[in-house]
Amino acid sequence: MNFPGGGAGGFPGAGGFPSAGGSGSSATPPMPMPQGDPNVKMLQNLMESCYAKTVMSGGAGFALGGVFGMFMASMAYDTPYHSPQTGTPGQPAIPGIKPPVDISTLPLRKQLAHGFKDMGARSWSTAKNFGQVGALFSGIECGIEGLRAKNDLANGVAAGCLTGGILARNGGPQAAAIGCAGFAAFSAAIDAWMRMPKDED
């Protein structure tokens, strides 16, 4: 069935308006995706591998940790109840150790230099910690999912428990058990929230 003013098939250019492809009578067909291209398949397999997921999660955690550490470092200089100091407090009489100095008494240039240096150190430390947690959790979860051949809540809980235990291993068995339970509970809560059906308005 053709409509007045329509092009091929009756729809393009309906009602005397030009078709979506321009001023011509027919639209340009979209380019087909190469379904059998081995390079596309190889790229898809690479992106779905545990190595790629681990690297991407570690990189995302590193970036997020850097921003978070920078924000927390900037907040440390914004309160009237806290006056940061340089040097080593409590040991002013030991030779070779600088006594503590209130930053507010330093010249502005030195205050800024100290603030940026401290901000960079805190950002780097927080970024490393976030990146380590992200890469460790993602790699363990991907490995468990591959072994179980299932994608359910148990993968995240087990990965959280192992991640927390590994991160707290230097504190002894009790710290490892607490870290395991804490990370498992947090992972279960986040995973359950992510799997909840979203309300579509």
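Keep in mind that what you see is a predicted model, and the values were worked out from it rather than measured.

Novice: Please give an account of the state of the cysteines that cites residues and values.
Specialist: Per the counting criterion, the structure on display carries two disulfides. Linked covalently through their sulfurs, C50 and C142 form a disulfide whose S-S length is 2.0 Å. Between C50 and C142, the disulfide has an S-S torsion of -85° and is therefore left-handed. Here C50, found in helix α2 (residues 50–75), pairs with C142, found in helix α3 (residues 108–148); they are 92 residues apart in sequence, far enough to count as distant. Assessed through its relative accessible area of 28%, C50 is described here as partly exposed. On the accessibility criterion, C142 (9% relative accessible area) is buried. Here C161 connects covalently by a disulfide to C180, the sulfurs 1.6 Å from one another. Given an S-S torsion of about -75°, the disulfide between C161 and C180 has left-handed geometry. Of this pair, C161 sits in helix α4 (residues 153–167) while C180 sits in helix α5 (residues 173–195); the two residues are 19 residues apart in sequence, bridging distant segments of the chain. Looking at C180, the relative accessible area reads 17%, which means it is buried.

Novice: So, the side chain of N155: which residues are in play, and what are the values?
Specialist: Along the polypeptide, N155 turns up in helix α4. A residue is classified by how much of its surface remains accessible, and N155, at 1% relative accessible area, is buried. Within the local environment of N155, its side chain forms a polar contact with the side chain of R148, the two groups lying 2.7 Å apart. In this structure N155 touches E141, I144, E145, R148 and K150, once residues within four positions along its chain are discounted.

Novice: Could you give an account of α2, naming the residues involved and the relevant values?
Specialist: End to end, α2 covers 37 Å across 26 residues, agreeing with the expected 38 Å (1.5 Å per residue, within 8%). Of all the positions in α2, only A52, G58, G61, G65, G66, G69 and A73 are classed as buried.

Novice: Tell me about unusual backbone geometry, residues and numbers included.
Specialist: Phi is positive for A149, close to 55°, though the residue is something other than glycine. Looking at A149, the relative accessible area reads 67%, which means it is exposed.

About the criteria used
- Residues numbered from 1 in each chain as written.
- Predicted model: local features only at pLDDT ≥ 70, side-chain atom pairs only at ≥ 80, totals over all residues.
- Heavy atoms only, no water.
- Disulfide = S-S within 2.5 Å.
- Helix = DSSP H or I, 4+ residues; strand = E, 2+ residues; numbered from the N terminus.
- Buried < 20%, exposed > 50% of the residue type's maximum accessible area, 1.4 Å probe, protein only.
- Polar contact = N/O pair within 3.5 Å; in protein donor to acceptor, adjacent residues only side chain to side chain.
- Contact = heavy atoms within 4.5 Å.
- Expected span 1.5 Å × (residues − 1).

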